[in-house]
Each structure stands twice: as structure tokens, then as C-alpha cells.
Amino acid sequence: MLWIILAIIVFIVAATLLLFRLEDLSHLDRNDYPVQDATPSAANREVLGRIRELGQSSKGLRGKARLMALRKHMDGLSEGIELASELRHCESPRGEWVLAPGCSTRRRILYIHGGAWAAGSPRSHRAITDRLSQITRAAVFAVDYRLMPENRFMDGVRDCREAYKWLLKHGPDGAEPVDFMVVAGDSAGGSHTLGLIAWIRDNGLRQADAAIAFSPSTDLTLTAPSNRNNIGTDPLLGPTFGGLSKIPLPVIWWATLAAFRVSPTNPVASPLRGDLQNLPPTLIQASDTEMLLDNARRYAARAEAAGSPVTLHTWHGMVHVWQIFVPLLPEAEEAFDDIKAFLEQLESQGDAQTSASA
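Residues numbered from 1 in each chain as written. Predicted model: local features only at pLDDT ≥ 70, side-chain atom pairs only at ≥ 80, totals over all residues. Heavy atoms only, no water.

> So what's going on with the overall build of the chain? Residues and values would help.
Broken down by element type, the chain carries eleven helices and ten strands. By the compact-globule yardstick of 21 Å for 358 residues, the chain fits well, its C-alpha radius of gyration being 20 Å. The principal-axis extents of the C-alpha atoms in the chain amount to approximately 75 × 45 × 45 Å. Out of the 358 residues in the chain, the part that is buried amounts to 53%. Looking at the chain alone, contacts between residues at least 24 apart form 79% of all its contacts between residues at least 6 apart. Working note: accessible area of the chain is about 16500 Å², and carbon and sulfur atoms make up 56% of it. Of the charged side chains in the chain, 36 are positive and 40 negative, and the gap between their average positions amounts to 8 Å. (Helix = DSSP H or I, 4+ residues; strand = E, 2+ residues; numbered from the N terminus. Rg over C-alpha atoms; globule rule 2.2 N^0.38 Å. Buried < 20%, exposed > 50% of the residue type's maximum accessible area, 1.4 Å probe, protein only. Contact = heavy atoms within 4.5 Å. Areas by Shrake-Rupley, 256 points an atom, 1.4 Å probe, with all protein chains shown as cover. Lys, Arg positive; Asp, Glu negative; His and termini not counted. Charge placed at Lys NZ, Arg CZ, Asp CG, Glu CD.)

Encoded structure:
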């Protein structure tokens, strides 16, 4: 019996080493990215209260009931917000157009919402998509991609890919070419965003002019230091995912493979572990107190080393994806000002290059 147990252990260890061949990325851990030197605003206390409400909404619930409560609460984040944009439902691809007054339908943003691939919707993220359309003068399409566990992880990935291809040729009023294209997303949607721009490159499609990722998940292997070090300082992800720190990483990898049907080392699920060459200019925003901080830092460092232009801006003491609390939170307003400046600089550089070559 002992020999059988030992043989099983040896087999599991060998299978783990073979299947999850991990490149050591600790050399990417840098703390020299500047952090905005500012004390969180008074409004941050109200945001923290809303985060506690999110936790209370599913307290005591299990399984599907917990997930449904979380989805309902997330969709409620948009309630009471005064939107400047017109909203238009789209059935194929499934999603929602968000059109600020005066926006150009030839300027488009594909927005991919977060929610751990299991929650969130175009409705839950209207504060973000509305503001994006306003500051960029672009038509924003929030894709309503398929969620887990009712669907496979790759179903959602394919929905984002199909939405991007469709947006290259269609605006809110029908078939129309695109002049300026951006892909943006937060958290799990930030992961989809970074994975999507690599897929666009690999498939020879017209590349996005820019990418924007709020607090992106870039590596499902959970090997980045902040995944454990920032559990206590992350009021949103800490209570939900902090318990994973007590589970051996190989067990988490096998569980991820079973749930996602994709290895956590696969670049589709972990963009950090893919080829980061020849990608469009990318802006990443993160908080220095969130669990995904080093996901952002490692991605920025590796992309820079590969020659891709990446800008990482870090705020102090903000909750995960604090941008969703615009206009309540001054730091969210700052984040959108940052996005506006980033895109305006890119476009002015493009105009200068066009003039020089004319």
C-alpha cells in the first residue's frame, strides 16, 4: 500500500512539473514604478462602505445563490448615476453601445468588463463606459461576453475576439470603417484586453491604436508577490481571494485547469506569459495596495523589455478598479484625465508623423 501511495505522489508531482512548466518571473519584480504621492480623498471612505455592502450582499450564501447575489449587486453599481450618454442594446454581437453627445462613430472603443470572469455586465460598468465615451469622443461598445460557470472560459474569449473583428467594420449605425480603435478593460476584462491585442497581432488584423487596462489580471499562476503580500490591504479582493494563500500553488493550478479548461500558464489566461513584442501603446492603471499590483508591474516590465510601449501609472491606497466610482471619487476623475492625456498624446504623435511623411 505504501508503495502505491508513493507511486501516486510521484506521478502527481511529475505531471505537475510537466504540465505547468513555469518560467521564473521574479526578475521582473520592480518597485521603481512611481506611485502618486497623495493621501486618499475623503470620498474613499464612502467607497470602502460600498465595498463592504458588496460583501454583505452575499454573506451566508453559497454556490449559485452567492454568485447571483454578487451579479445583482454589481449591476446595481450603475443605479443612480447620471449618464450623459445614449445607450443602445446590440444583439449580435451581444453588448451595449454607449454614445456620448458629439462622439464620432468612426472612433471606437471595445470595453471588456471585469468580475472574475463570472460576474459583471455592460450595465455594471456604465460609469466607466459613459466617461470613456465623453473624454475620447468615441463610440464605446461594452461587450456582454459569456460568463463562467454557465459557459467555458474560452467562450468569453471568443466573444471578445468576434466583437473586435465586428467593430473594425461596424459602428452604432451600421457598416462603417473605423478611424481610431481602442481596446480597454478592467480586472478580468483587463486580462482579456491584454490577451486580445496579442491575438490581434498574431492573426494579422488591424491592430488597436491603443490599449487600456485597469488593475488587470495578467497571471493566473498567482506567483506574483502582491498576490499574498497585499491581501490585508485590498478590501475588495482580499476577503474574496485571500484564502487562496493557504492553498499550495500546485493545487490551485490543477483547480484552475479544471475550472477554466485552460492551463494557468497559457497566455490566453495569463497574458504576462505570452509574446509581448509588437503590441500597441498600452496604459495600465493600478493601486499600490491591491493584490494585482505586481501583475501590472510584471506585465509592464516584460512588455518594455520586449520593446512594446507600456505606461504604468500607480495610485496610492485605492480599491481595485476604483475608476468605477466616478464621479464620486476624485481619484477616479484623475484616472480618466490620465487616460485622456495618454490618448491625446498618441494621436498628436500620429498626426505629427503623418505631416512629416506628407
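Picking up where we left off.
> Would you mind going over the layout of surface pockets in detail, with residue names and values included?
Volume-wise, the second largest pocket comes out at about 220 Å³. Along the wall of the second largest pocket there are 17 residues; nearest its centre are G195, A198, W199, P267 and V268. When contributions to the lining of the second largest pocket are tallied by element, the ones reaching two or more residues are helix 5 (153–167) and helix 6 (188–202). It is helix 6 that provides the largest number of residues to the lining of the second largest pocket, a total of eight residues. For the lining of the second largest pocket, a count of residues per class yields ten nonpolar, three polar and four charged. (1 Å grid on protein atoms, 1.4 Å probe; cavity = no way out; pocket = protein on both sides within 12 Å on 5 of 7 lines; lining within 4 Å. Points joined across faces, edges and corners; volume = space filled by probe spheres on them. Nonpolar A, V, L, I, M, F, W, Y, C, P; charged D, E, K, R; others polar.)

> Any chance you could break down the pairing of strand 3 (residues 104–112) for me, citing the residues and the numbers?
Extensive coverage of strand 3 is indicated by the burial of seven of its nine residues. The pairing of strand 3 with strand 4 (residues 138–143) spans five bridges and is parallel. Bridged to Y111 within strand 4 is A142. Between strand 3 and its parallel partner strand 4, the chain crosses via helix 4 (residues 126–136), and the hand of that crossover is right-handed. Inspection of the sheet shows strand 3 paired to strand 7 (residues 180–186) by six bridges, in the parallel sense. Bridge pairing links I112 to G185 in strand 7. (Pairing = 2+ DSSP bridges. Right-handed = clockwise from strand over helix to strand, strands pointing away.)

> Provide a residue-level description of helix 6, including the pertinent values.
In a regular helix each residue adds 1.5 Å, so 15 residues correspond to 21 Å; helix 6 covers 21 Å between its end C-alpha atoms and thus fits that length. Across the 15 residues that make up helix 6, a large majority, 14, are buried. Among the residues trailing helix 6, G204 stands out with phi positive, at a value near 65 degrees. (Expected span 1.5 Å × (residues − 1).)

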